[in-house]
Amino acid sequence: ATTPSGLALETVRRAGSPGPGLPPSASTFVAVDQGAVVLHDARTGARLRQLSYPGTAVDSSPSRGGDSAVFLRRVPGRCADVLVRVSLGNGAAGVTVTDTGMRREHPALSPDGRTLAWVERPCDAAGRPAC
């Protein structure tokens, strides 16, 4: 596309990238850094983008798939976890699996980001994870 000032704009997609503006999955990874889920450059280790803002909650166990990532958000002192999905392209996030009084662990996205799996177990009457 050409702007009125004559500047040409072209959407560029890097080889292996799932979309414009997204780095190829092999060149980045998601991790927990200083309590937040972040996107890092796999070659340099540089922090590229913060993906979560946990506040008083604890974010952990990030998993990447397609153009997004998921992670666990846990409120200390409660046995209720939610799974949050976040876009790697624009950082928009939303709760994907809501709080149902279950302890959730080990979220995993398929490589294309279409399938989400996790382990869950109920909480006992005192609000502790049941064994």
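Residues numbered from 1 in each chain as written. Predicted model: local features only at pLDDT ≥ 70, side-chain atom pairs only at ≥ 80, totals over all residues. Heavy atoms only, no water.

1. A short note on the overall build of the protein chain
Item 1. When helices and strands are counted, the protein chain shows zero helices and nine strands.
Item 2. For the protein chain, the sequential pattern of α-helices and β-strands runs β-β-β-β-β-β-β-β-β.
Item 3. Looking at the protein chain residue by residue over its 131 residues, the buried ones come to 36%.
Item 4. Of the contacts made within the protein chain by residues no fewer than 6 positions apart, 27% connect residues no fewer than 24 positions apart.
Item 5. Carbon and sulfur atoms form 54% of the exposed surface of the protein chain, whose accessible area is close to 7600 Å². (Helix = DSSP H or I, 4+ residues; strand = E, 2+ residues; numbered from the N terminus. Buried < 20%, exposed > 50% of the residue type's maximum accessible area, 1.4 Å probe, protein only. Contact = heavy atoms within 4.5 Å. Areas by Shrake-Rupley, 256 points an atom, 1.4 Å probe, with all protein chains shown as cover.)

2. Topic: the pairing of strand β3 (residues 47–50)
Item 1. Of the pairings in the sheet, the one linking strand β2 (residues 36–41) to β3 comprises three bridges and is antiparallel in character. Looking at the pairing, Val38 lines up with Gln50 of β3.
Item 2. Where β2 hands over to β3, the hairpin turn is made up of five residues, of which Gly45 adopts a positive phi near 80 degrees. (Pairing = 2+ DSSP bridges.)

3. Digging into the confidence of the model for the protein chain
Item 1. Chain-level pLDDT for the protein chain is 79 on average; 76% of the residues reach the 70-or-more range.
Item 2. Low pLDDT (under 50) marks residues 5–17, which in the prediction has 20 contacts with non-local residues, meaning those over four places away or in another chain. (pLDDT = per-residue confidence, 0-100.)

4. Describing the sheet that holds strand β6 (residues 81–87)
Item 1. The four strands lie next to each other as β4-β5-β6-β7, forming an open sheet whose pairing is antiparallel. Two strands bound the open sheet, and with one partner strand each, they are β4 (58–65) and β7 (93–97). Between one strand axis and the next, the sheet turns by 30 degrees as a mean value, whatever way the strands run.
Item 2. Sheet topology places β6 next to β7; four bridges connect them, and they run antiparallel. Note on β7: the bridge partner recorded for Val86 is Ala93. (Axes fitted to C-alpha atoms, helices over the stretch in contact; angles between N-to-C directions.)

5. Re unusual backbone geometry
Leave glycine aside and you will find that most residues have negative phi; peptide bonds, for their part, are mostly trans.
Item 1. Of note in the backbone geometry, Gln34 takes a positive phi value of approximately 55 degrees without being a glycine.
Item 2. Structurally, the position occupied by Gln34 is in the loop between β1 (28–33) and β2.
Item 3. By relative accessible area, which is 75% here, Gln34 ends up exposed.
Item 4. Here Ser61, not a glycine, exhibits a phi torsion of approximately 55 degrees, which is positive.

6. Brief notes about the state of the cysteines
Item 1. Applying the stated criterion to the full structure yields one disulfide.
Item 2. With its sulfur 1.7 Å from that of its partner, Cys79 forms a disulfide with Cys123. Classification of the bridge connecting Cys79 and Cys123 rests on its S-S torsion, roughly -75 degrees, and on that basis the disulfide is left-handed. On the criterion of sequence distance, the pair formed by Cys79 in the loop between β5 (68–74) and β6 and Cys123 in the segment after β9 (116–122) is long-range, its members being 44 residues apart. In terms of burial, Cys79 and Cys123 fall into one category: buried. (Disulfide = S-S within 2.5 Å.)

7. Some words on the environment of Val70
Item 1. Structurally, Val70 can be placed in strand β5.
Item 2. In this structure Val70 comes out as buried when scored by relative accessible area, which is 0%.
Item 3. Taking C-alpha positions, Val70 is 6.2 Å from Val86, a pair spaced 16 residues apart along the chain.
Item 4. When neighbours within four sequence positions are excluded, Val70 is seen to be in contact with Ser61, Pro62, Ser63, Val84, Arg85, Pro107, Leu109 and Leu116.

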